[in-house]
Amino acid sequence: MMDPLTVLFVNPVLGREKALTPPWGMLFVLAYARKERPTHHYHFLDFNVAKPDAEHQRAALESIKPDIIGMYATTNYLNECLNLAAMAKEVLPGCRVVLGGHHATARPEDDYPAVDCIVLGEGEKAFVDLLDKRFAGEELPKTHRAAAFLDHIDFFPAWDKVEIQAYHPEAGSYFKYRPQAWITASRGCPFDCTFCGSVVYRESRPRHRRRSPINVVDEIEFLKNTHQIRSFFFTDDEVNIHVPWLSEICDLILQRKLAIRWAAQFRANPQMLPEWLVVKMWESGCRAAGIGMESGCNDVLRHVNKQTTVEENLRAAQLFRKHGIILHGCFMIGNVWADEAGKPDGESYEQIQETRRYIRRLLNEGLLTSMSLSIASPLPGSAMERLLRENRRLFVYDYSQWDHG
């Protein structure tokens, strides 16, 4: 019988900023793999916490000696992941490096030096398939996609592999309690904004999958009891897509008397944000919200297929203020879309000025506590990126040079 594999999930150093949260995507894959293939030995390293230099990173890799390494790359941190993959192959030539995430799924044809296999789509089942191939002594394919999406996502990420207190204590500064843990209660989004690069779940059916309310609140209670966490942020694209589901989560938090504080990103559509739900959210501990308002111009919102309006965003902001929930507004300028001939068109100077005036109104009326203004980037997997690429309007492929904030 062959020896069990030594499996390592590793997160690279990502800039100089203090790490706010562990890479929960990898921790879900780790938890699933450990459950399905329990005989292997599993490790997790987050170099982004202590930010060790190259020498100490090499020493950590040498001490574990993994047979297979799992990594996750976002577009703006792709270079950091590739550099770490190269280091791993230099230190341990016999190990196999697997890279997944939205960027890899959107651009599998790109050059990924030192990466043995690109995972396309959802990672859990795909990574278990690769473990089986590695255990059997088979070479890994250049790309691999699981035969199906998970039909059961009621499980926690591998929190036991994480020192939660090591993450930036100012995370959750809006709240009374610190530090903060991030919760992923659902996967995917039913909408199709042209700037969105979240390609992994776009092919799933249904497009939006939810953990059960009981499982979500069980995780919150576990983190509170085990790690004394009392502030939580939901990482879901929009936590209020399914109103009865969110309502039940609020009910369970109240029934268990958890006395927590939480925040999330929301859709502003009135049918997804009725006032009675906002009241219940506040009662269950919601104290901060974010909305992707994107623009103060309805014509821009229509072109980017946001499926909300300036008036709906204003209504949502007024509701949150009325019920004591502070609001962060996310805005973008420089969006690009296809004109009637299918050629690139985009925001005019006057449309950008409409957004400026709209932001000023929200601030003057005390409806925003904070805001961000980003330059639209053609993220791989987005309709914007496809439009620009097909029309040969992309000139910089070093993603680290793109402005994502």
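Look above for the structure.
Reading the values: the criteria
Residues numbered from 1 in each chain as written. Predicted model: local features only at pLDDT ≥ 70, side-chain atom pairs only at ≥ 80, totals over all residues. Heavy atoms only, no water. Helix = DSSP H or I, 4+ residues; strand = E, 2+ residues; numbered from the N terminus. Buried < 20%, exposed > 50% of the residue type's maximum accessible area, 1.4 Å probe, protein only. Contact = heavy atoms within 4.5 Å. Areas by Shrake-Rupley, 256 points an atom, 1.4 Å probe, with all protein chains shown as cover. Lys, Arg positive; Asp, Glu negative; His and termini not counted. Charge placed at Lys NZ, Arg CZ, Asp CG, Glu CD. Salt bridge = Lys/Arg side-chain N within 4 Å of Asp/Glu carboxyl O. Patch = residues over 30% accessible without salt bridge, like charges linked within 9 Å, V, L, I, M, F, W, Y side chains within 5 Å. Core = buried A, V, L, I, M, F, W, Y, C linked by side-chain atoms within 4.5 Å. Phe/Tyr/Trp six-rings, centres within 6.5 Å; stacked < 30°, edge-to-face > 60°. Lys NZ or Arg CZ within 6 Å of the ring centre and 35° of its normal. Pairing = 2+ DSSP bridges. Right-handed = clockwise from strand over helix to strand, strands pointing away. 1 Å grid on protein atoms, 1.4 Å probe; cavity = no way out; pocket = protein on both sides within 12 Å on 5 of 7 lines; lining within 4 Å. Points joined across faces, edges and corners; volume = space filled by probe spheres on them. Nonpolar A, V, L, I, M, F, W, Y, C, P; charged D, E, K, R; others polar. Axes fitted to C-alpha atoms, helices over the stretch in contact; angles between N-to-C directions. Parallel < 35°, antiparallel > 145°, perpendicular 65-115°, else oblique. Left-handed = near helix turned anticlockwise from the far one by under 90°. Arc of directions from axis to C-beta.

Trainee: Honestly, the overall build of the chain in this entry has me stumped. Any pointers?
Mentor: The secondary structure content of the chain amounts to 13 helices and 16 strands. Seen through its principal axes, the chain has C-alpha atoms that stretch 65 × 55 × 40 Å. Evaluated residue by residue, the chain yields a buried proportion of 55% over its 405 residues. A separation of at least 24 residues holds for 77% of the contacts in the chain among residues at least 6 apart in sequence. Of the roughly 18300 Å² of accessible surface on the chain, a fraction of 52% belongs to carbon and sulfur atoms. Distance from the positive charge centre (48 side chains) to the negative charge centre (52 side chains) of the chain: 4 Å.

Trainee: It is not clear to me how the pattern of salt bridges should be interpreted in this structure. Could you clarify?
Mentor: If charged atoms from side chains of opposite charge come close, those side chains can pair. Across all of its chains, the model carries 25 salt bridges by this definition. In this structure, the salt-bridge partner of R145 is E203, at a minimum N-O distance of 3.3 Å. Within this pair, whereas R145 is found in strand 6 (residues 143-145), its partner E203 is found in the loop between strand 8 (186-188) and strand 9 (208-210), the two being separated by 58 residues in sequence. Since its relative accessible area comes to 36%, R145 is described here as partly exposed. R256 is the salt-bridge partner of D218, the closest N and O atoms lying 2.7 Å from each other. Of the two residues, D218 sits in helix 7 (residues 213-227) while R256 sits in the loop between helix 8 (243-255) and strand 11 (261-266), which places them 38 residues apart along the sequence.

Trainee: Is there a simple way to explain a nonpolar patch on the surface in this structure?
Mentor: Taken together, the side chains of L363, M371 and L373 define a hydrophobic patch exposed on the protein surface, amounting to about 240 Å² of accessible area. You can see M371 is positioned in strand 16 (residues 370-375). Residue M371 is classed as partly exposed on the basis of its relative accessible area, which comes to 31%.

Trainee: Looking at this model, I keep getting lost on the nonpolar core. Mind explaining?
Mentor: Across soluble globular proteins, nonpolar side chains show a tendency to be buried alongside one another. Grouped together as the largest cluster of nonpolar side chains are 80 residues, with contacts concentrated most on W262, F266, M281 and F320. With 28 residues, the next largest nonpolar core counts I64, L84, A85 and Y112 among its residues.

Trainee: I tried to follow the packing of aromatic side chains on my own but got confused; where do I start?
Mentor: Each aromatic ring pair is summarised here by two numbers: the centre-to-centre distance and the angle between the ring planes. Applying the stated rule across the entire model yields nine aromatic pairs. For the pair F9 and F127, a centre-to-centre distance of 4.9 Å together with 45° between the ring planes defines the contact as tilted. In this pair, F9 sits in strand 1 (residues 6-11) while F127 sits in helix 6 (residues 123-135), placing the two residues 118 residues apart along the sequence. Exposure class is identical for F9 and F127. Each is buried. Between R267 and the ring centre of F191, over which it is positioned, the NZ or CZ distance is 3.6 Å. Cation over ring: R287 sits above W282, and NZ or CZ is 4.0 Å from the ring centre.

Trainee: Could you clarify how one ought to interpret the pairing of strand 3 (residues 68-72) in this entry?
Mentor: Walk down a regular strand and you will see the side chains alternate between the two sheet faces. Extensive coverage of strand 3 is indicated by the burial of four of its five residues. Here strand 1 pairs with strand 3 via three bridges, running parallel. By the bridge assignment, V7 is partnered in strand 3 with I68. Inspection of the sheet shows strand 3 paired to strand 4 (residues 96-100) by five bridges, in the parallel sense. Residue pairing in the sheet places I68 in a bridge with R96 of strand 4. One crossover worth recording links strand 3 to the parallel strand 4 by way of helix 4 (residues 78-91), and it is right-handed.

Trainee: Which parts of the structure should I look at to understand the layout of surface pockets?
Mentor: Over the atoms rolls a probe the size of a water molecule, and its path tells where empty space is left. Taken as a whole, the second largest pocket spans an internal volume of roughly 210 Å³. In this structure, the second largest pocket is lined by F44, L45, D46, F47, V49, A50, P52, K161, V162, E163, A166 and Y167. Of the residues in the lining of the second largest pocket, the class split is nine nonpolar, no polar and three charged.

Trainee: Explanation requested: the packing of helix 8 against helix 9 (residues 275-284) in the structure shown.
Mentor: Any two packed helices are characterised by how steeply their axes cross, that is the angle between the axes, and by the distance between the axes. Contact pair helix 8 / helix 9: the axes reach a minimum separation of 9 Å and the direction vectors enclose 30°. Viewed along their axes, helix 8 and helix 9 adopt a mutual orientation that is roughly parallel. Helix 9 is crossed by helix 8, and the crossing has left-handed handedness. Counted together, V243, L246, S247, C250, D251, I253 and L254 of helix 8 and W276, L277, K280, M281, E283 and S284 of helix 9 form the full contact between these two elements.

Trainee: Teacher, can you tell me more about helix 9 here?
Mentor: Side chains that are three or four residues apart share a direction in an α-helix, a result of its 3.6 residues per turn. All of the buried residues in helix 9 are L277, V278, K280, M281 and S284. Angularly, the buried residues of helix 9 cover 165° about the axis, an arc narrow enough to put them on a single face. Positive phi shows up at G285, right after helix 9, with a value of about 120°.

Trainee: In this structure, what is going on with the sheet that holds strand 5 (residues 117-120)? I would like to understand it.
Mentor: Backbone hydrogen bonds are what pair the strands of a sheet, in a parallel or an antiparallel way. Read across the open sheet, the six strands follow the order 2-1-3-4-5-6; overall the sheet is parallel. Since the sheet does not close on itself, it has two edges, and those belong to strand 2 (41-46) and strand 6, each with one partner. In this sheet, adjacent strand axes meet at a mean angle of 25° when their direction is disregarded. Along the sheet, helix 1 (residues 24-36) makes contact with strand 1, strand 2 and strand 3, crossing strand 2 at roughly 170°.

By themselves, these figures tell us nothing about what the structure is for.
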